Amino acid sequence: FPAERPMTSTPLADLFAKPRRVIALIGLASLALIAGAWFFELVVHLRPCKLCLEQRVPHYAAIGLAAVALLLARSRRSQLVALAALALLMAWSTGLGLYHSGVEWGWFAGPNDCGGAVAPAASGMQDFMKQLQTVRVVSCTEAAWRFLGLSLAGWNALASLGLLIAALLGLKSAARVAGGSPA
């Protein structure tokens, strides 16, 4: 009989075995998603709707939380708390992305007040009329851009779901190590 080979870990398993690495991964991925959103807004000139802007909030929070956790979370317990909070943020982001995608596909009704940024106050009737002619309201029901059939909201939902899974795998692995079970 051949000798049993010792179990070797894979690079992916090694990643999830270290909570700080998972925290950094989620923070950096959220930063990349926000950078992508700003790229599409500032370079490609796709104006975000209300739901687009709301989808950024969990990622902004994840960036801040990851940075604070990487600086301050030294104990396994504090890292578990940070991973749990990141998982909640990514669940929220996934839900927002799915909702917005559903609004774009006509599966859900969008918010009544879905439009672009509020225009500055007009100083008179002529300014007001000029603003009405130049302001473009961005609808939440129309995808401004699609790639492989998915809008930016759909891609955000997929990316956020992946980050949610990463946070949950990191939690599972860290909890197993904290509990004394073999990793």
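Residues numbered from 1 in each chain as written. Predicted model: local features only at pLDDT ≥ 70, side-chain atom pairs only at ≥ 80, totals over all residues. Heavy atoms only, no water.

Visitor: Just to check I follow, could you spell out a nonpolar patch on the surface for this structure?
Guide: A surface patch of nonpolar side chains, amounting to about 570 Å² of accessible area, comprises Trp38, Phe39, Leu42, Val43, Val44 and Tyr60. Ranked by the residues each element gives to the nonpolar patch, the list is headed by helix H2 (residues 19-42), at three residues. Note that leucine 42 resides in helix H2. According to the relative accessible area criterion, leucine 42 is exposed, its value standing at 54%. (Patch = residues over 30% accessible without salt bridge, like charges linked within 9 Å, V, L, I, M, F, W, Y side chains within 5 Å. Areas by Shrake-Rupley, 256 points an atom, 1.4 Å probe, with all protein chains shown as cover. Salt bridge = Lys/Arg side-chain N within 4 Å of Asp/Glu carboxyl O. Helix = DSSP H or I, 4+ residues; strand = E, 2+ residues; numbered from the N terminus. Buried < 20%, exposed > 50% of the residue type's maximum accessible area, 1.4 Å probe, protein only.)

Visitor: Please explain H2 as it appears in this structure.
Guide: Helical periodicity: at 3.6 residues per turn, an α-helix aligns residues three or four positions apart in one direction. Between the first and last C-alpha of H2 there are 34 Å, a value that for 24 residues agrees with the 34 Å anticipated at 1.5 Å per step. Those residues of H2 that sit buried are Pro19, Val22, Ile23, Ile26, Gly27, Ser30, Ile34 and Phe40. (Expected span 1.5 Å × (residues − 1).)

Visitor: How should I be thinking about the packing of H2 against helix H3 (residues 50-72) in this particular structure?
Guide: As a packed pair, H2 and H3 sit with axes 8 Å apart at the nearest point and diverge in direction by 145°. Crossing hand, H2 versus H3: left-handed. Residue-level inspection shows Arg20, Ile23, Ala24, Gly27, Ser30, Leu31, Leu33, Ile34, Ala37, Trp38 and Glu41 of H2 in contact with H3, the latter providing Arg56, His59, Tyr60, Ala62, Ile63, Ala66, Ala69 and Leu70. For the contact of H2 with H3, the class distribution of residues is 13 nonpolar, three polar and three charged. (Axes fitted to C-alpha atoms, helices over the stretch in contact; angles between N-to-C directions. Left-handed = near helix turned anticlockwise from the far one by under 90°. Contact = heavy atoms within 4.5 Å. Nonpolar A, V, L, I, M, F, W, Y, C, P; charged D, E, K, R; others polar.)

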